[in-house]
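# A closer look at the structure
Spelled out, the chains give:
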Amino acid sequence: MRGLSSPLTLAVLALHVAAPPVCGAAQTTDGPGPNYVLAPSALEARLSEQPFRITAFRDNRWQDDRTQRAQIRFPDGLRIEVKWAVAAPGGFAINNQPRYEVAAYELQKLFLREPDWVVPPTTMRELPHPAYLQLDTTAVPTFEGTGSVLVAIQYWLRNVEPEPEPDSVRLAEDPAYARRMAYLNLVTHLMRHVDSNPGNVLVSTAGPPRLFAVDNGVAFRSPVSPRGTLWETLHVDRLPAEAVDRLRPLTRADLEEALAVVAQFRVRDDGRLEAVRPTAKLDANRGVHRAGDVVQFGLTNLELDDLWDRIQQVLARVASGELDTF
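Residues numbered from 1 in each chain as written. Predicted model: local features only at pLDDT ≥ 70, side-chain atom pairs only at ≥ 80, totals over all residues. Heavy atoms only, no water.

## Quick notes on helix 1 (residues 40-49)
- Those residues of helix 1 that fall on the buried side of the exposure criterion are Pro40, Leu43, Glu44, Arg46, Leu47 and Ser48.
- Its buried side turned inward, helix 1 meets strand 3 (68-73), strand 4 (79-86), helix 2 (98-108), strand 5 (122-128) and strand 6 (148-155). (Buried < 20%, exposed > 50% of the residue type's maximum accessible area, 1.4 Å probe, protein only. Helix = DSSP H or I, 4+ residues; strand = E, 2+ residues; numbered from the N terminus. Contact = heavy atoms within 4.5 Å.)

Okay, here's the thing in structure tokens:
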């Protein structure tokens, strides 16, 4: 079982997250609420940019689980918990796609305001391989010939419990829940979420209703999970008008700018990977691509085409009256 015998300090460089190319106004927040210790954008900045110290580390659900639950401490003393998923060798595996996790987080920014985000802050970080061996003695560098381990990190929400399926009674009787379910379901439908593990969608147990998609690695063009594909389908017959209004002006080029490269690293002279600002996609047909000293993670052309088609289908259903807005 993975564990932590002594605190491990990780000083890591910033991972740039491209700003979403949406309709003018900057993102705003109504405060952290009961599910976050800080506003999501503030947590994103910390997880992407600040050094932290790991103070607790254990397997998430069972011994030798693919994901872990870590407590980290920032220099100012703030402690938070995160879901921790080390990337597979080469940067991907069938059920381990950090690029999908980050793309799902970035996708929602294209049409939801920050207070309505349903995917918690998610980012990729580089950790030096020798230091990572303190957490897992079996760990290997993510890319051969480098000295780094890449990890997908997601903020661990507070005051939530599983929501294995839409609550039909609450949808009919609770307008606030219906709105939040519509936000969630629109995001899961557009990303093609095809893993109905009951723990993948959570509902708030404190404050106003909120719903969250917290495990989004089986999505986009992933093989279908044997657990089912519940969240791929739109189960609501009404969508928030403001979300639809933000979808309408999006272009295929906007999707490419935001999602074709969601994380990029360069190989330094000492062999370590360094997070850098994403540049143009080097190979539009590959989700993880290494060329020389550049490594890119993002959606492929086919995945972007599929996403574009799903957006157009949703807008067509709204225009025809099959889907109402509120």
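## Considering unusual backbone geometry
- Backbone geometry places Asn159, a non-glycine residue, at a positive phi of 55 degrees.
- On the secondary structure map, Asn159 appears in the loop between strand 6 and strand 7 (160-162).
- Using a relative accessible area of 37% as the deciding quantity, one classes Asn159 as partly exposed.
- Phi at Arg192 is positive, roughly 60 degrees, even though this residue is not glycine.
- With respect to the helices and strands, the residue Arg192 is situated in the loop between helix 5 (175-191) and strand 8 (201-204).
- Overall, Arg192 belongs to the buried group, its relative accessible area being 17%.

## With respect to the nonpolar core
- Leu107, Phe111, Leu190, Leu239, Leu259, Phe265 and Phe297 are the most contacted members of the largest nonpolar core, which has 60 residues in total.
- The dominant element in this core, judged by the number of residues it contributes, is helix 5, at nine residues.
- In terms of nonpolar packing, the next biggest core, distinct from the first, is built from 24 residues, Trp84, Val151, Leu157 and Phe212 among them. (Core = buried A, V, L, I, M, F, W, Y, C linked by side-chain atoms within 4.5 Å.)

## Description of the pattern of salt bridges
- Under the counting rule described, the total for this entry stands at 21 salt bridges.
- Between Asp116 and Arg113 there is a salt bridge whose closest N-O contact spans 3.4 Å.
- Residue classification places Asp116 among the buried residues on the basis of a relative accessible area of 2%.
- Of the charged contacts, one joins Asp195 and Arg227 as a salt bridge, the two residues approaching to 3.4 Å between their closest N and O atoms. One end of the pair, Asp195, is in the loop between helix 5 and strand 8; the other, Arg227, is in the loop between strand 9 (211-213) and strand 10 (238-239), with 32 residues separating them in the sequence.
- Using a relative accessible area of 4% as the deciding quantity, one classes Asp195 as buried.
- The exposure class of Arg227 is partly exposed, given its relative accessible area of 46%.
- Among the charged side chains, a salt-bridge network with shared partners connects Arg113, Asp116, Arg180 and Glu242. (Salt bridge = Lys/Arg side-chain N within 4 Å of Asp/Glu carboxyl O.)

## A closer look at the sheet that holds strand 11 (residues 263-267)
- The sheet built from four strands is open, its strands ordered 12-11-14-13 with antiparallel pairing. Every other strand in the sheet has two partners, leaving strand 12 (273-275) and strand 13 (288-291) as the edge strands with one partner each. For this sheet, the mean angle separating the axes of adjacent strands, direction not counted, is 20 degrees.
- In this structure, strand 11 lies alongside strand 12, joined through three bridges in antiparallel fashion. Within the sheet, the bridge partner assigned to Phe265 lies in strand 12 and is Ala275. (Pairing = 2+ DSSP bridges. Axes fitted to C-alpha atoms, helices over the stretch in contact; angles between N-to-C directions.)

## As for the sheet that holds strand 9
- Strand order in the open sheet formed by three strands is 7-8-9, with antiparallel pairing between adjacent strands. Both edges of this open sheet fall to strand 7 and strand 9, since each of them pairs with a single strand only. On average, each strand axis in the sheet is inclined to that of its neighbour by 35 degrees, with strand direction left out of account.
- Examined bridge by bridge, strand 7 and strand 8 share three bridges and lie antiparallel to one another. Across the sheet, the residue bridging to Pro162 is Leu202, located in strand 8.
- Helix-sheet contacts for helix 5 involve strand 8 and strand 9, and the interaxial angle to strand 9 is about 10 degrees.

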